[in-house]
Each structure stands twice: as C-alpha cells, then as structure tokens.
Amino acid sequence: MRAWHVVRPGPIATGPLELRTTPVPEPAAGELLLRVLVCGVCRTDLHVSEGDLPVHRQAVTPGHEVVGEVVAVDPAAAPGFAVGDRVGVAWLRGTCGHCRFCERGAENLCPDSVYTGWDADGGYAEFTTVPAAYAHPLPDGYTDAELAPLLCAGIIGYRALRRAEPPAGGRVGIYGFGASGHLAAQVALAEGMRVHVMTRSERAAELARELGAASAQGAADPPPEPLDAAILFAPVGELVPPALAALDGGGTLAIAGIHLSDIPPLNYGRHLFQERQLRSVTANTREDARQFLGFAARHRLRVSTTSYPLDAADRALADLAADGVNGAAVLVP
C-alpha cells in the first residue's frame, strides 16, 4: 500500500514526509483492519511532522481523523463489528483502563494513553488498524469527507466548548477559525449562544458570518461585547492576553491546541482579576466522542472541506501551515 511517513521532522517546507510503498498492516488481537476512505488533515499532524511534538514512533504515518471500511475482523475479539462496516478512528487509541484518571472517567489524562498517528501508524495511507474498543460508529447523513473532520476537529472543539463553560445564551469568542473553530461555533449557535470570531483570515471571517456568527474581526481585535467564554484554537500564545482581556467577570478561556507558542507576561488586573479563568484542553475521552457524534446526528452540521489526493498530503499540510485551507482539509486515497 501507499503510506506517508515522517522521516525527518522539521519545517514542512523542508520535506519531513516521504510517500513509500509498505506492506498492509496486520491487525493485532482485538483490532480492525480498515481500508481508508478519507483521512482528515489536522494541525496536530503538522506538529508531529514539524517536530513540535517529540517523536514517539520513528517514521510514523500521521493521520487520526479516519473514516474507514472494515476489511478484516475477528468477531470473537471485536464483537459488534463486521466486514463492510464504516467506522471512525480518532486521536485517542488506547488507555490503561485502571489508573486514577481512567477510573474517574478522565481517560484523556491516562499516563499510558497512546495516540493514532503518533504512537501508532495512522490514516495517511490506504489501510490502517484501530483497536475495536476505540473505533467509533458514525452518524448518518454525512459524506465520508464531511465525517473525517468530526473525528478530531469536531470532538476537540466540543470538549473545548464544555471546558469553557459558557452559560445558557452566553457570549462565546472563538480565536482561530479553522476546522475545529467552524464546528465548535455551530455547536454553540445550535445551543442558543452568541458567537464572536477572531481570525486573521478574511475567508474564514466570511465563513463565520455565513454560519451565523454575530461578528468576525481580526485575530487580536476586541469583540464588540464582553465574552462569557472563549476558546483559543490558534496555536499562538500571543493571543492569550487579548482573549483574557475580552472576558467578562467570571469568564473562562479554554486553550484547545496540543501545542502553543510561548504566552507573553500577563497583567493580573487586565487579564486574570474578576475571577477570569485560564484552562487547557488535553485530548479527549471516548465519551466526548460519543456525545459529539450524537450531537452531529441530531443537528446537521455544515462541514467545510477541501479535498486533496493522498499523494498530495505534504501539500495539504503546507496549505494548512499557511492558513490556506478554509474549514478542514481531507485526503482521499
């Protein structure tokens, strides 16, 4: 099969990935073998490729927003799945199941957690595997290309919105309006919130307005009203101070990225006083995925995608790095 591998992590312009012909993977006990139908292109894949995230697996195949068709399964080891099923693969691939975090429902903090496209080969390939316990049923009514971004961008955006704890009918700010931002905004709007978008991309601002955002302005510009909650999707630490300053008293800023550039010094009075809160978001749980995919089944989300052939994965990542993708990018083998 054809599969991309991160062979020399570094800036995407230096060519950190290579497309190789490799054997089709053999599924381990309890795993499904999938033919990849579509794989989303996530900013985390860019961080893995560029070395912002330390190497966990040499020459790993990135990709953790996989829509796949089951082509091999042991029914005894993976009950509930059959050849021909369409399933989703997300970032979280495995946890220990018995640590203090797993036992309290916070498996995203499990110290032994492993991840698709970082600890194990992912979906920038024609075939991949997934433990059956971490394969997700998918909602009807979406194309494969529309489903792929839901499996990370959507799930993380959903968790980030919950971490930000906006009140009913609250005012939510979204900083960075890519794949996660445009999905989280729709969740907030469907739940009756007012959404304000801060982005450096005029195309993204236009999309935000089309989706129903109350306003869209520059990345560091103040929104037209104080915010009850905000989410930072852009991996830009310089945006933390203006996002905190935009919060009303008691507001929360949730930082959704797995990587963030350094945060400048904060002024206590302008940025944190009046019980403003700053929170991080770390991966997701399977329960997050179930809740969000259930939401997507009940509320038809508009998923903006740009498709690339598998052979152009490096170009898709370069476009993502340059903010040249409006919405989400997906690879089609």
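Below: a short report on this structure. If you're wondering where the values come from, they're calculated on a predicted model, not measured in any experiment. (Residues numbered from 1 in each chain as written. Predicted model: local features only at pLDDT ≥ 70, side-chain atom pairs only at ≥ 80, totals over all residues. Heavy atoms only, no water.)

### Some remarks on the packing of helix α3 (residues 144-164) against helix α8 (residues 286-298)
Orientation of α3 relative to α8, taken along the N-to-C sense of each, is 100°, at an axis distance of 9 Å. Between α3 and α8, the angle is such that the two are roughly perpendicular. Residue-level inspection shows Leu150, Leu151, Gly154, Ile155, Tyr158 and Arg159 of α3 in contact with α8, the latter providing Asp288, Ala289, Gln291, Phe292, Leu293 and Ala296. For the contact of α3 with α8, the class distribution of residues is 8 nonpolar, 2 polar and 2 charged. (Axes fitted to C-alpha atoms, helices over the stretch in contact; angles between N-to-C directions. Helix = DSSP H or I, 4+ residues; strand = E, 2+ residues; numbered from the N terminus. Parallel < 35°, antiparallel > 145°, perpendicular 65-115°, else oblique. Contact = heavy atoms within 4.5 Å. Nonpolar A, V, L, I, M, F, W, Y, C, P; charged D, E, K, R; others polar.)

### Section: the side chain of His196
Here His196 is to be found in strand β11 (residues 194-198). At 2.7 Å, the side chain of His196 and the side chain of Glu225 are in polar contact. (Polar contact = N/O pair within 3.5 Å; in protein donor to acceptor, adjacent residues only side chain to side chain.)

### Focus on the side chain of Thr95
Secondary-structure assignment places Thr95 in the loop between β6 (92-94) and α2 (100-103). A polar atom in the side chain of Thr95 sits 2.7 Å from the side chain of Tyr134. Apart from residues lying up to four places away in sequence, Thr95 is in contact with Cys102, Glu107, Cys110, Asp112, Ser113, Tyr134 and Arg286.

### Concerning the environment of Ala289
Residue placement: Ala289 occurs in helix α8. For the pair formed by Ala289 and Trp91, sequence separation is 198 residues and the distance between their alpha carbons is 10 Å. Discounting chain neighbours no more than four positions away, the residues touching Ala289 are His136 and Ile155.

### Details of a nonpolar patch on the surface
On the surface, a nonpolar cluster with roughly 210 Å² of combined accessible area is contributed by Ile263, Leu266 and Leu278. Relative to the helices and strands, Ile263 resides in the loop between β14 (247-255) and α7 (268-272). (Patch = residues over 30% accessible without salt bridge, like charges linked within 9 Å, V, L, I, M, F, W, Y side chains within 5 Å. Areas by Shrake-Rupley, 256 points an atom, 1.4 Å probe, with all protein chains shown as cover. Salt bridge = Lys/Arg side-chain N within 4 Å of Asp/Glu carboxyl O.)

### Notes on the layout of surface pockets
Of the pockets and cavities examined, the second largest pocket occupies roughly 230 Å³. Surrounding the second largest pocket, 17 residues form its lining, Met1, Pro23, Pro25, Arg57 and Asp121 being those nearest its centre. Elements with a contribution of two residues or more to the lining of the second largest pocket: β1 (2-6) and β8 (127-131). Counting residues per element, the lining of the second largest pocket draws most heavily on β8, which supplies 3 residues. Class assignment for the residues of the lining of the second largest pocket results in 8 nonpolar, 6 polar and 3 charged. (1 Å grid on protein atoms, 1.4 Å probe; cavity = no way out; pocket = protein on both sides within 12 Å on 5 of 7 lines; lining within 4 Å. Points joined across faces, edges and corners; volume = space filled by probe spheres on them.)

### Details of the pairing of strand β5 (residues 86-89)
Note that strand β4 (residues 66-72) and β5 share 4 bridges and pair antiparallel. Directly across from Val67, in β5, lies its bridge partner Gly88. Note: β5 against strand β9 (residues 135-137), 3 bridges, orientation antiparallel. From the neighbouring strand, Gly88 faces β9, where its bridge partner is His136. (Pairing = 2+ DSSP bridges.)

### Things to note about α8
The terminal C-alpha atoms of α8, which comprises 13 residues, lie 18 Å apart, in line with the 18 Å expected from a rise of 1.5 Å per residue. Taken together, the buried positions of α8 are occupied by Asp288, Ala289, Phe292, Leu293, Phe295 and Ala296. Here the buried residues of α8 occupy an arc of 150° about the axis, which is enough to place them on one side. The exposed residues of α8 that point more than 90 degrees off its buried face are Arg290, Ala297 and Arg298. Of the surrounding elements, those touching the buried residues of α8 are β9, α3 and α4 (179-190). (Expected span 1.5 Å × (residues − 1). Buried < 20%, exposed > 50% of the residue type's maximum accessible area, 1.4 Å probe, protein only. Arc of directions from axis to C-beta.)

### Some thoughts on helix α5 (residues 202-211)
Residues spaced three or four apart along an α-helix face the same direction, because each turn holds 3.6 residues. Here α5 has its buried residues at Ala204, Ala205, Leu207, Ala208 and Leu211. Taken down its axis, α5 places every buried residue within 160° of arc, on the same side. Taken together, the buried residues of α5 touch α4, β11 and β12 (215-217). A distance of 3.4 Å separates the backbone nitrogen of Arg203 from a side-chain oxygen at the start of α5, and that oxygen is part of Ser201. Remark: Gly212 follows α5 within two positions and exhibits a positive phi of approximately 115°.

### Structural notes on the packing of aromatic side chains
Applying the stated criterion to the full structure yields 5 aromatic pairs. Ring centres 4.9 Å apart and planes at 25° place the aromatic pair Trp91 and Tyr115 in the stacked group. One end of the pair, Trp91, is in the loop between β5 and β6; the other, Tyr115, is in strand β7 (residues 114-115), with 24 residues separating them in the sequence. Trp91 sits in the buried class, given a relative accessible area of 5%. Judged by centre distance (6.1 Å) and plane angle (40°), the rings of Tyr115 and Trp118 are tilted. Accessibility classification places Tyr115 together with Trp118 in one group, the buried group. A connected cluster of aromatic rings, assembled from ring pairs, spans Trp91, Tyr115 and Trp118. If you follow Arg286 out to its NZ or CZ, it ends over the ring of Tyr134, 3.9 Å from the centre. (Phe/Tyr/Trp six-rings, centres within 6.5 Å; stacked < 30°, edge-to-face > 60°. Lys NZ or Arg CZ within 6 Å of the ring centre and 35° of its normal.)

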